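Spelled out from the first residue to the last, the chains are:
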Amino acid sequence: LVNVTTDLKIDNPQVDINLDRNRAGDLGINMTQVSLILNASLSAPEYNYFNINGRSYEVIPELYRKYRDIPSALNNIHLKTKTGEMVPLASIANLSSEVIPEQRNHFQELRSATIRANLAPGVSLGTALDYLSNLAGQTLPIAYGIDYSHQSRQYIQTEGTMGALFIFAIIFIYLILAAQFESFRDPLVVMLSVPLAFTGALLGLYLCHGTLNIYTNIGLITLVGLITKNGILIVEFANQQQERGVAFLDAILEGSAERLRPILMTTAAMVLGAVPLALATGAGAASREQMGFVIVFGMSIGTCFTIFILPVAYYLMANKLEAKSDEES
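Numbering of residues begins from 1 in every chain and follows the order in which that chain's sequence is written. At least 70 in pLDDT is required for a residue's local features to be given in this predicted model, at least 80 for side-chain atom pairs to be given and counted, and no such filter applies to totals for whole chains, interfaces and linings, which use all residues. Each side-chain value is derived from all of the structure's non-hydrogen atoms; neither hydrogens nor water enter the calculation.

Peer 1: Just checking my understanding: could you explain the overall build of the protein for this structure?
Peer 2: Strands here are runs of E lasting at least two residues and helices are runs of H or I lasting at least four, both read from the DSSP assignment and numbered beginning at the N terminus. Helices and strands together make up the secondary structure of the protein, namely eleven helices and ten strands. Dimensions of the protein along its principal axes, counting C-alpha atoms only, are 120 × 45 × 40 Å. The classification of residues rests on relative accessible area computed with a 1.4 Å probe and restricted to protein chains. Under 20% of the type maximum is buried, over 50% is exposed, and intermediate values are partly exposed. A total of 329 residues make up the protein; the buried ones form 31% of that total. For this analysis, residues touch if any pair of their heavy atoms sits within 4.5 Å. In the protein, 69% of the contacts between residues at least 6 apart in sequence involve partners at least 24 apart. Counting every atom, the protein has about 21000 Å² of accessible surface; 58% of that belongs to carbon and sulfur. The Shrake-Rupley method, run with a 1.4 Å probe sphere, supplies the accessible areas, and residue values consider only the shown protein chains as cover.

Have a look at this one:
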């Protein structure tokens with residue numbers, strides 16, 4: 001972490017007046033008397049007004065500054081006992097000094113100290129938060145806890161849900177493809193393009209010094225839907241060719257050749273559309289360029305792998321369909 005700052009500034013000296021209530025009770029001095037005399041001496045209260053030559057002036061009793069600046073001078077303040085005698089404040093109280101924060105901020109309705117920092121070059125947000133969490137567990141007393149705000153809070157809240165989102169996205173697309181192809185094998189062939197695209201996306205993040213964060217996770221989920229389009233084009237065309245009576249191997253070869261142009265055109269359109277994200281500048285550019293890297297590298301490298309590997313997977317995994325008769329067609 002770099003540029004670490006905190007809003008907890010322990011730089012305000014304070015004098016505590018510790019009262020002996022039993023001693024004050026024996027002398028007949030109540031807490032109201034103590035409060036009033038301290039308020040009049042130190043707080044500069046407005047007691048009254050008086051007029052001189054048409055002007056109104058406030059009556060503000062207080063000690064001279066030379067006494068207010070010396071804590072021990074408080075011992076010279078006198079209080080009246082029940083017998084009418086005047087006794088110094090020192091007879092029922094003692095003074096202690098300490099340094100406290102000038103202000104105590106709150107977060108989530110609890111007193112808190114906020115630590116702000118920037119990530120060091122090459123360090124991901126998850127690594128930094130894990131380090132802080134371990135450091136807090138080793139350093140803070142048991143009664144203390146930690147919480148997060150801004151991007152750290154978003155990361156913590158989404159960290160446990162992104163894995164479930166990936167699983168649901170893959171299952172959802174698989175079920176839709178199974179309904180479309182009326183088969184459970186063909187969707188597996190199509191979904192094989194997903195790990196290939198993820199490999200390209202992660203390689204791109206590594207080369208561009210990116211990290212896995214909420215924005216790249218959104219890009220990866222988007223990539224699941226984009227890359228499966230390539231597999232659908234090849235598998236659907238190969239199935240149609242088999243139904244027309246074309247041999248199994250010839251159907252694969254024709255599907256790969258005939259659908260190469262549409263795959264390259266749609267992939268190029270998606271990649272070029274994501275290039276402005278990857279080259280973004282200005283406020284918020286860090287989040288946009290991370291998503292752009294995922295889509296650009298994931299679609300480019302994933303497509304290169306798909307057009308070679310997916311036909312082989314189709315040959316090994318897909319069903320051999322029988323040609324439809326003229327009456328059925």
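Peer 1: Would you mind going over the confidence of the model for the protein with me for this structure?
Peer 2: Where the model shows low pLDDT, its predicted coordinates should not be examined in detail. A residue-level look at the protein finds 95% of positions with pLDDT of 70 or above and a mean pLDDT of 82. Residue-level confidence of the predictor is what pLDDT reports, using numbers from 0 through 100. Long-range and interchain partners of residues 325–329, a stretch whose pLDDT sits below 50, account for zero contacts in this model, where long-range means more than four residues apart.

Peer 1: Would you mind showing me how to read the nonpolar core here?
Peer 2: Side chains of nonpolar character tend, in soluble globular proteins, to be buried together. Grouping buried Ala, Val, Leu, Ile, Met, Phe, Trp, Tyr and Cys residues that are joined through side-chain atoms within 4.5 Å yields what is termed a nonpolar core. Judged by nonpolar contacts, the single largest core of 35 residues is most densely connected at Phe198, Leu223, Val235 and Tyr314. If you list the elements that add at least two residues to this core, you get helix 5 (150–181), helix 6 (186–191), helix 7 (193–207), helix 8 (214–243), helix 9 (248–258), helix 10 (260–278) and helix 11 (285–317). With eight residues, the single largest contributor to this core is helix 11. Not counting chain neighbours up to four residues away, the residues in contact with phenylalanine 198 comprise Phe166, Leu220, Leu223 and Val224. Within the second largest apolar cluster, twelve residues are counted, among which are Val34, Leu38, Ile77 and Leu89.

Peer 1: I would appreciate a short explanation of the side chain of serine 152 in the present structure.
Peer 2: Along the chain, serine 152 turns up in helix 5. Those residues in contact with serine 152, other than ones at most four positions away along the chain, are Leu125 and Leu129.

Peer 1: When you look at a nonpolar patch on the surface in this model, what are you seeing that I'm missing?
Peer 2: The patches described consist of residues with a relative accessible area above 30% and no salt bridge, like charges being joined within 9 Å and nonpolar side chains (Val, Leu, Ile, Met, Phe, Trp, Tyr) within 5 Å. Just to be clear on terms, a salt bridge is a Lys or Arg side-chain nitrogen sitting within 4 Å of an Asp or Glu carboxyl oxygen. The grouping of Leu1, Val4, Ile115, Leu119, Val123, Tyr131, Leu132 and Leu135 at the surface amounts to a nonpolar patch, some 690 Å² of accessible area in total. The element best represented in the nonpolar patch is helix 4 (residues 125–139), accounting for three residues. Note on placement: tyrosine 131 falls in helix 4.

Peer 1: Hey, could you run me through the pattern of salt bridges in this one?
Peer 2: In a structure, side chains of opposite charge can pair up when their charged atoms sit close to one another. With the rule as written, the count across this model stands at one salt bridge. When the shortest N-O distance is used, the salt bridge between aspartate 147 and arginine 153 registers 3.0 Å. For arginine 153, a relative accessible area of 25% translates into the label partly exposed.

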